[in-house]
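Breakdown of the fold
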Amino acid sequence: MSDLRDLYQQVILDHYRAPRNFGALEPVSACAEGYNPLCGDQIKIYLRTDGDRVDGVSFEGVGCAISTASASLMTEAVRGLERPQAEALIASFLALMTGDGEAGVDLGKLEVLSGVKDYPVRIKCATLAWHALRAALEGGDSEAVTTE
Amino acid sequence: MTAPAPLADGERPPAAGALDVERLRASFPILAREVHGHRLVYLDNAASAQRPEAVIEAVSDCYRTYYANAHRGVHALSERSTDEYEAARGKVARFVGASKSSEIVFTRGTTESLNLVAQSYARPLLGPGDEVLLTEMEHHSNIVPWQLVCEQTGARVRAAPITDDGDVDLDAFARMVNERTRVVALAHVSNALGTVNDVAAVARLVRDRSGAAVVVDGAQAVPHMKVDVSALDCDFYAFSGHKMYGPGGIGALWGRGKLLASMPPYHGGGAMITRVTFERTEYTVPPHRFEAGTPSIAPAIGLGVAIEFLESVGLDRIERHEHALLSHTVEVLNDLPWVRVLGQGAEAGSPRAAVVSLVVDGAHPHDVATILDEQGVAIRAGHHCAQPLMERLGVPATVRASFGLYNTHEEVDLLVSGLHEVRRIFG
């Protein structure tokens, strides 16, 4: 039996109530939208790169505590990373959520979201922003990525 | 078959005319199970209700003892299956006040029923400049079929506004009905707000202004109140078995006999023809014209038993019981300053059925749903397949508790204590 306290940790509630890097980014290198048709949650990721370096990431959208906190924590975690490191972080986070494969890099603060994997229907909430960031890194501005 | 269990020693019978909920609950096996260590509190009936033993048994009995294809064979099993299938059609017809069994078409559910009307009734009629009038509170299944047929014909979809309290704005609606309106389609009961639309008044208003057909999505009405299509004066009425304690995968469309008789088939195949050559096919009469292929025989029979179950309990008693649950819920929730109940009408006692949509300050509906689920309380969180309505109400999603005949006041209290837990975590 999982415990709600593992899911709704203070860090998650804090990032939900006061999301970091929330709002449009200007200037911006690429944007990507994520959409969860199951619940209607929508998120837009703004990515600014300087060469191969992630200079800044922000997001907009309305979502649940899990999706908002995950997006907020993500924007903090990827800032300043080189592109391959950012891609490795995305892969590791998705591996943590789905239980598929090894987390290749240390997820640090992102580990607070590990409780989500005990709530299978909520995993898509946590991964939405990460799929959108991956799309933005690949150039963005195509169709919205969906969780389905 | 549908008789309730006898009273146990010392058990008090309920007040005359009231529903004996505890005895009814005993006829729904799933209600005895636990979820996450708590007794299941099932408040997601608007999505799909649970089935009583009698329905489960009827479906099982069909497969165990007499199943064969209907309308096909001369052998004993086929004859029996055909008889039971057609008897179920008769029960459905009586249940909604249809004058003839042939006015009932079995479908997979409300969605297919509405698509059938859009394609077989509306498509041949519609042309550029014609209008299909909906309301802002419709379920996607009463929006998308009309958009599809409008794309095919050049007609357009319009949506009559609702008020902030969740009622159709009838004045605005009336102004939108004109000589180009070919179809008016609306929910009898809103799946997201529980609003009970005055279909008879809408039909009168439409008849005064246009020759439009009145198409009613009755999915959320039939389990909760007595429906009589002739009193409603509509032209088509669509509903699903699974929301009225029947099997999944079966539903029905009632249509006026003369309209059904004028309509081309929906699907082509076996059972809907009188004669086929490669040059030409003659179609059979309704309802079979609209039931191509082998039908869902056992589910249809199960639906007939669900109807007998509902009738044995009494729809008037069900309506009173559910209304008491709804009033209780709204009253308690209105006392919580951090809960906002949506669309319950401009005044207390506005016609509403079995559904409460709400939002909790500072907590997204999905988080509310997870926390309630941990306590065994099953509700729906999301847009309820009514995204235009969510946009109109200015919310991305809501928490929806929806009642069935087996829900209790104690379960309402468990819902409320679950919401207090949400508040404790998110407050």
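The notes below deal with the structure included here. (Residues numbered from 1 in each chain as written. Chains lettered and ligands numbered in written order. Predicted model: local features only at pLDDT ≥ 70, side-chain atom pairs only at ≥ 80, totals over all residues. Heavy atoms only, no water.)

Section: the sheet that holds strand 13 (residues 339-342) of chain B
Residue and element names in this part refer to chain B.
- Strand order in the open sheet made by the four strands is 13-14-17-16, with antiparallel pairing throughout. Looking at the sheet topology across the chains shown, the edges are occupied by strand 13 and strand 16 (380-382). Mean inter-strand twist for the sheet, computed between neighbouring axes without regard to direction, equals 30 degrees.
- With four bridges connecting them, strand 14 (residues 355-360) and strand 17 (residues 398-402) associate as antiparallel partners. Within strand 17, the position partnered with V355 by the bridge is S402.
- Its contacts with the sheet place helix 12 (residues 365-374) against strand 14, strand 16 and strand 17, and it is angled at close to 160 degrees to strand 16. (Pairing = 2+ DSSP bridges. Helix = DSSP H or I, 4+ residues; strand = E, 2+ residues; numbered from the N terminus. Axes fitted to C-alpha atoms, helices over the stretch in contact; angles between N-to-C directions. Contact = heavy atoms within 4.5 Å.)

Some points on the packing of aromatic side chains
Residues and elements named next belong to chain B.
- Enumeration over the complete set of coordinates arrives at 12 aromatic pairs over all chains.
- A ring pair is formed by F28 and Y245, whose centres lie 5.8 Å apart and whose planes are at 70 degrees; its orientation type is edge-to-face. Of this pair, F28 sits in the loop between helix 1 (21-25) and strand 1 (34-35) while Y245 is found in the loop between strand 9 (236-240) and strand 10 (251-255), placing the two residues 217 residues apart along the sequence.
- The exposure class assigned to F28 is buried, which follows from its relative accessible area of 1%.
- Each ring, one from F28 and one from F309, has its centre 5.5 Å from the other, and the planes form 75 degrees; the classification is edge-to-face. Taken together, the positions of F28 in the loop between helix 1 and strand 1 and F309 in helix 10 (residues 297-313) put the pair 281 residues apart, joining distant regions of the chain.
- A residue is classified by how much of its surface remains accessible, and F309, at 3% relative accessible area, is buried. (Phe/Tyr/Trp six-rings, centres within 6.5 Å; stacked < 30°, edge-to-face > 60°. Buried < 20%, exposed > 50% of the residue type's maximum accessible area, 1.4 Å probe, protein only.)

Examining the interface of chain A and chain B
- Contacts between the two partners involve 21 residues from chain A, matched on the other side by 15 residues from chain B.
- Together, the buried faces of chain A and chain B total about 1400 Å²; carbon and sulfur atoms form 58% of this surface.
- Counting the surface chain A buries against chain B, the share from its top three residues, L4, Y8 and C39 of chain A, is 32%.
- Inspection of the region where chain A meets chain B yields one salt bridge. (Buried area = accessible area lost by both parts, 1.4 Å probe. Salt bridge = Lys/Arg side-chain N within 4 Å of Asp/Glu carboxyl O.)

Considerations on the sheet that holds strand 4 (residues 104-107) of chain B
Residues and elements named next belong to chain B.
- Read across the open sheet, the seven strands follow the order 4-10-9-8-7-5-6; overall the sheet is mixed. Taken across any chain shown, the strands that pair with only one partner, and hence form the sheet edges, are strand 4 and strand 6 (156-160). Adjacent strand axes in the sheet meet at a mean angle of 20 degrees when their direction is disregarded.
- Running at roughly 155 degrees to strand 9, helix 4 (residues 110-125) makes contact with strand 4, strand 7 (181-187), strand 8 (213-217), strand 9 and strand 10 of the sheet.
- The sheet strands contacting helix 7 (residues 199-209) are strand 7 and strand 8, and the helix crosses strand 8 at an angle near 160 degrees.

A look at the environment of L13 of chain A
- Among the secondary structure elements, L13 of chain A is positioned in helix 2 (residues 10-17).
- Residues L13 of chain A and T68 of chain A lie 55 residues apart in sequence; the distance between their C-alpha atoms is 9.5 Å.
- Other than its neighbours up to four places away in sequence, L13 of chain A contacts Y8 of chain A together with I425 and F426 of chain B.

Things to note about the packing of helix 10 of chain B against helix 11 (residues 315-334) of chain B
All names here are of chain B.
- The N-to-C vectors of helix 10 and helix 11 enclose an angle of 75 degrees; their axes lie 6 Å apart at closest approach. By the angle between their directions, the pair helix 10 and helix 11 is classed as roughly perpendicular. Here L310, S312 and V313 of helix 10 lie close against helix 11, whose contacting residues are L315, R317 and I318.
- When grouped by side-chain class, the residues that make up the contact of helix 10 with helix 11 number four nonpolar, one polar and one charged. (Parallel < 35°, antiparallel > 145°, perpendicular 65-115°, else oblique. Nonpolar A, V, L, I, M, F, W, Y, C, P; charged D, E, K, R; others polar.)

Remarks on the pattern of salt bridges
Residue and element names in this part refer to chain B.
- For the coordinates displayed, the defined rule picks out 30 salt bridges over all chains.
- With a closest N to O distance of 3.3 Å, R392 and E136 form a salt bridge. Taken together, the residues R392 in helix 13 (residues 387-393) and E136 in the loop between strand 5 (131-135) and helix 5 (144-153) connect sequence positions 256 residues apart.
- With relative accessibility at 26%, the residue R392 sits in the partly exposed group.
- The closest approach of N and O atoms between R256 and D235, which form a salt bridge, is 2.6 Å.

Focus: helix 2 of chain A
- All buried positions along helix 2 of chain A are accounted for by I12, L13, H15 and Y16 of chain A. With its buried residues spanning 165 degrees around the axis, helix 2 of chain A presents them on a single face.
- On its buried face, helix 2 of chain A is in contact with helix 1 (4-7) and helix 3 (65-78) of chain A together with helix 14 (409-426) of chain B. (Arc of directions from axis to C-beta.)

Looking at the pairing of strand 5 of chain B
Residues and elements named next belong to chain B.
- Burial within strand 5 is extensive, with five of its five residues counted as buried.
- Alternating residues of strand 5 divide into E131, L133 and T135 and V132 and L134, and every residue in both groups is buried.
- As judged from the five bridges shared by strand 5 and strand 6, these two strands associate in the parallel manner. Looking at strand 6, one finds that L134 is bridged to A159.
- A crossover links strand 5 with its parallel partner strand 6, the connecting element being helix 5, and its sense is right-handed.
- As defined by bridge partners, strand 5 adjoins strand 7 across three bridges and the pair is classed as parallel. Within strand 7, the position partnered with E131 by the bridge is T181. (Right-handed = clockwise from strand over helix to strand, strands pointing away.)

Such coordinate-based values are descriptive only and should not be taken to indicate function.
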